[in-house]
Amino acid sequence: MKQQANLIRAGQVIEHDGRRWTVLKQQIITPGKGGAFIQVEMRDLKTGNKTNERWRTADSVERLMTEDKDYTYSYMDGDNVVLMDPETFEQLILAKDIFGDQFAFLQDNMPLNVKLVEGDPVGVELPPHVTLEITEADPVVKGQTASSSYKPAVLSNGVKTLVPPFIEAGERIVVRTEDASYVERAKD
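These numbers were taken from a predicted model, which means no experiment stands behind them. (Residues numbered from 1 in each chain as written. Predicted model: local features only at pLDDT ≥ 70, side-chain atom pairs only at ≥ 80, totals over all residues. Heavy atoms only, no water.)

Q: Even after reading the chapter, I still don't get the sheet that holds strand 16 (residues 182-185), so can you show me in this structure?
A: Sheet strands associate in pairs through backbone hydrogen bonding, adopting either a parallel or an antiparallel arrangement. Pairing within the open sheet is antiparallel, and its five strands lie in the order 14-13-12-15-16. One side of each edge strand has no neighbouring strand; the edge strands of this open sheet are strand 14 (160-163) and strand 16. Direction aside, the axes of adjacent strands within the sheet are offset by 50 degrees on average. Bridging between strand 13 (residues 151-155) and strand 14 involves four bridges; their strand directions are antiparallel. Along strand 14, the bridge assignment pairs Lys 151 with Val 163. (Pairing = 2+ DSSP bridges. Helix = DSSP H or I, 4+ residues; strand = E, 2+ residues; numbered from the N terminus. Axes fitted to C-alpha atoms, helices over the stretch in contact; angles between N-to-C directions.)

Q: What am I meant to see in the pairing of strand 7 (residues 67-77) here?
A: Side-chain positions along a regular strand alternate between the two faces of the sheet. As paired strands, strand 7 and strand 10 (residues 111-117) are joined by six bridges and run antiparallel to one another. Considered in strand 10, the bridge of Asp 68 is made with Lys 115. Sheet analysis places strand 7 next to strand 8 (residues 80-84), joined by five bridges and oriented antiparallel. Pairing of Tyr 73 across the sheet is with Leu 83, part of strand 8. Turn length for the strand 7-strand 8 hairpin, with the two strands adjacent in sequence and antiparallel, is two residues, and the turn residue Gly 78 shows positive phi of about 70 degrees.

Q: Please clarify how the side chain of Thr 177 should be interpreted in this entry.
A: Its location among the elements puts Thr 177 in the loop between strand 15 (172-176) and strand 16. Note on Thr 177: relative accessible area 3%, which makes it buried. A polar side-chain atom of Thr 177 sits 2.7 Å from the main-chain carbonyl oxygen of Pro 127. When neighbours within four sequence positions are excluded, Thr 177 is seen to be in contact with Gln 102, Phe 105, Leu 126, Pro 127, Pro 128, His 129 and Val 130. (Buried < 20%, exposed > 50% of the residue type's maximum accessible area, 1.4 Å probe, protein only. Polar contact = N/O pair within 3.5 Å; in protein donor to acceptor, adjacent residues only side chain to side chain. Contact = heavy atoms within 4.5 Å.)

Q: In this structure, what is going on with the domain arrangement of the chain? I would like to understand it.
A: It is common to give the size of an interface as the accessible area lost on bringing the parts into contact. Domains assigned within the chain are domain 1 (2-63), domain 2 (66-125) and domain 3 (129-185). The centre of domain 2, based on its C-alpha atoms, is set 28 Å off from the matching centre of domain 3. If you look at the interface, domain 2 gives five residues, while domain 3 gives 11 residues. Taken together, both faces of the contact between domain 2 and domain 3 bury some 550 Å²; the carbon and sulfur share is 64%. The interface formed by domain 2 and domain 3 includes zero salt bridges. Viewed at the interface, domain 3 and domain 2 are joined by three residue pairs in polar contact (both at pLDDT 80 or more). (Domains from an automatic or database assignment. Buried area = accessible area lost by both parts, 1.4 Å probe. Salt bridge = Lys/Arg side-chain N within 4 Å of Asp/Glu carboxyl O.)

Quick look at the structure:
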């Protein structure tokens, strides 16, 4: 299905130069002179190579339709992730690379949404939020609470994030899997 280049979003699968690509990031750039264009970072589904491509916003690209299927994370097998279909109990083995930066947020028995194109897995969606523990957090600086400033902290999975000054090491917080940003204190 053809779509305008300015409608490309991360997670979509497009066909370009006879190959299939999954979109990792997109950014619309408006230079001071001339028309706007879209810069897209994408990964080749067969080789795994990454590339950047630019299109004018009025250009059209071929978007491939994806089928969504629910799976549950089972375990790691070397550099592969083993998922299980909760209905048929069939296993699906995926390369760790398909998860990108979100791999660090993978937890036991986590429900996942796998995107398939003609039966081939092309992307994985994690739940939007996960609950993790803070292992390290900088101490509060006096007077820092007057403004809405955040301080650096390290989560139990090793990912660094910014948290409000009242959060301390040992507390559990909810973070976005998309960008590792703080959402709220855990209510458990």
